[in-house]
Amino acid sequence: MNRISTLSRITRQRVVHTTQRSHATTVDQALQHQQITREDIREIYHSPLLDLVFRAAAVHRQHHDPSKIQLCTLMNIKSGGCTEDCSYCSQSSRYKTETKAAPLLSTEPVLEAARKAKENGSTRFCMGAAWRDLHGRKSGFERILKMVAEIRSMGMEVCTTLGMLSPEQARRLKEAGLTAYNHNLDTSREFYPSVITTRSYDDRLSTIEAVRNAGISVCSGGILGLGEADEDRIGLIWEVANLPEHPESFPVNALVPIEGTPLAKNEPLKLPTMLRTIATARIALPGTIIRLAAGRQTFSEVEQAMCFLAGANAVFTGERMLTTPCSGWDDDKAMMERWGLEGMASFESKMVQKKEERALKDGEQVSEA
């Protein structure tokens, strides 16, 4: 089967015309996803780029409001000193970088940052801590649980990325009100050992499983520009598309080379690679939010608009990412206005709504029992 016919077949499977079915039914079908083979994804990824973007845009419009972009703000609540050897990260204690180790922030500065983010239009607030896991961090975890509960009470979606989680830790985060947990697969299973050796691919999948089983939305994507090949980007999308449930969000990071890390001299990511990855992910993950994450500011406004056309519908915005630059709220809101885009409301994502409704129903059943 040639590339065009495979792309057409997969797109037909993914697209449900709104003249025939409701938007809610479309989302239900996205949640009950079909298995997709690695060969399917390979054929989609390698199709002519403009045709690929066009088809991805069609899928996007059937499953999402194309005028809506989710605005997310990420805060580093505990920087540096991490024992992992992720070769892209300046927070690893193994590399000599400008990022210095600092203790977990107290609660109030984090809550103030969340309030500021909400005032500026962000509807999801994400907190990152440079830890391998939560072992031996009981007091710090309790502080984070309080942060989660307080930010959730502001009416915002709350996301954390704290390293590996146990099922019990995931359960407690859910009880505190956590909306989503970020745990990226980063790249393909095959290329992964070239990037990280201190945590296995299956370790990452185990945390994702714990998060999913706790009823928390999964946020899991990857980083482009690590030195990987096309086949590794294909492998990443295939892994994520064949999880028991599609993730609620799929962040696409463009490597920001940082002096002192092993990948400091890597070449900047080119737009066609970003577009191919986003468009392929949109077709394979029709109901998922696709988030432009680190490295977005390296692309021009027109290039970012092409990413939105290809299916991206979320960005990180604000003062800073974890350790890399970020486009500011005013700049992003002005850009969105120029392109006829507007911010997504909190809990507007149909996949998040499904998770929240399911958790509420499960809670009611437990109470009745």
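Residues numbered from 1 in each chain as written. Predicted model: local features only at pLDDT ≥ 70, side-chain atom pairs only at ≥ 80, totals over all residues. Heavy atoms only, no water.

Overview of the overall build of the chain
Rule in force here: Going along the chain from the N terminus, every DSSP run of H or I of four or more residues is numbered as a helix, and every run of E of two or more is numbered as a strand. Type-normalised accessible area, obtained with a 1.4 Å probe on protein chains alone, sets the label of each residue: buried when under 20%, exposed when over 50%, and partly exposed for intermediate values. Here, residues are in contact when the closest pair of their heavy atoms is within 4.5 Å. For every accessible area listed, the method is Shrake-Rupley and the probe measures 1.4 Å; residues are considered covered only by the protein chains on display.
Scanning the chain for helices and strands turns up 13 helices and 10 strands. Within the chain, the proportion of its 369 residues that are buried is 59%. Within the chain, contacts between residues at least 6 apart in sequence are counted, and of these 78% link residues at least 24 apart. Per element, the accessible surface of the chain, about 15500 Å² overall, is 52% carbon and sulfur.

Topic: the pattern of salt bridges
This is how the line gets drawn: Each salt bridge in this description consists of a side-chain nitrogen of Lys or Arg and a carboxyl oxygen of Asp or Glu lying within 4 Å of one another.
Using the criterion set out here, one finds 28 salt bridges in the structure. Between arginine 152 and glutamate 356 there is a salt bridge, with its nearest N and O atoms 2.8 Å apart. Of the two residues, arginine 152 is situated in helix H6 (residues 138-152) and glutamate 356 in helix H13 (residues 350-368); the sequence distance between them amounts to 204 residues. Classification of arginine 152 as partly exposed rests on a relative accessible area of 25%. In this structure, the salt-bridge partner of glutamate 239 is arginine 189, at a minimum N-O distance of 3.5 Å.

Some remarks on the environment of leucine 322
With respect to the element layout, leucine 322 can be found in the loop between strand E9 (314-316) and helix H12 (329-338). Given a relative accessible area of 28%, leucine 322 falls into the partly exposed group. Among residues more than four places away in sequence, those in contact with leucine 322 are Leu74, Met75, Asn76, Gln91 and Gly128.

Comments concerning H12
For clarity, the threshold we go by: Throughout, the arc means that of the directions going from the helix axis to the C-beta atoms.
Among all positions of H12, only Trp329, Asp332, Met335 and Met336 are buried. What you see down the axis of H12 is that its buried residues fit within an arc of 130°, all on one side. Residues of H12 that are exposed and angled more than 90 degrees away from the buried face: Asp330, Asp331, Glu337 and Arg338. Where H12 is buried, its residues touch strand E1 (68-78), helix H5 (107-119), helix H11 (301-310), E9 and strand E10 (342-343). Just beyond H12, the residue with positive phi is glycine 340, at close to 70°.

Re the pairing of strand E7 (residues 249-254)
What counts, and what does not: One bridge is not enough; two strands pair if DSSP finds at least two bridges between them. When the strands point away from the viewer, a crossover counts as right-handed if the route from the first strand across the helix to the second turns clockwise.
Here E7 lies mainly inside the structure; 6 of its 6 residues are buried. The pairing of strand E6 (residues 222-224) with E7 spans 3 bridges and is classified as parallel. Note that in E7 the partner of leucine 224 across the bridge is alanine 254. Pairing geometry for E7 and strand E8 (residues 289-292), over 4 bridges, is parallel. Bridged to proline 251 within E8 is arginine 291. In this fold, the crossover linking E7 to E8 by way of helix H10 (residues 271-284) has right-handed handedness.

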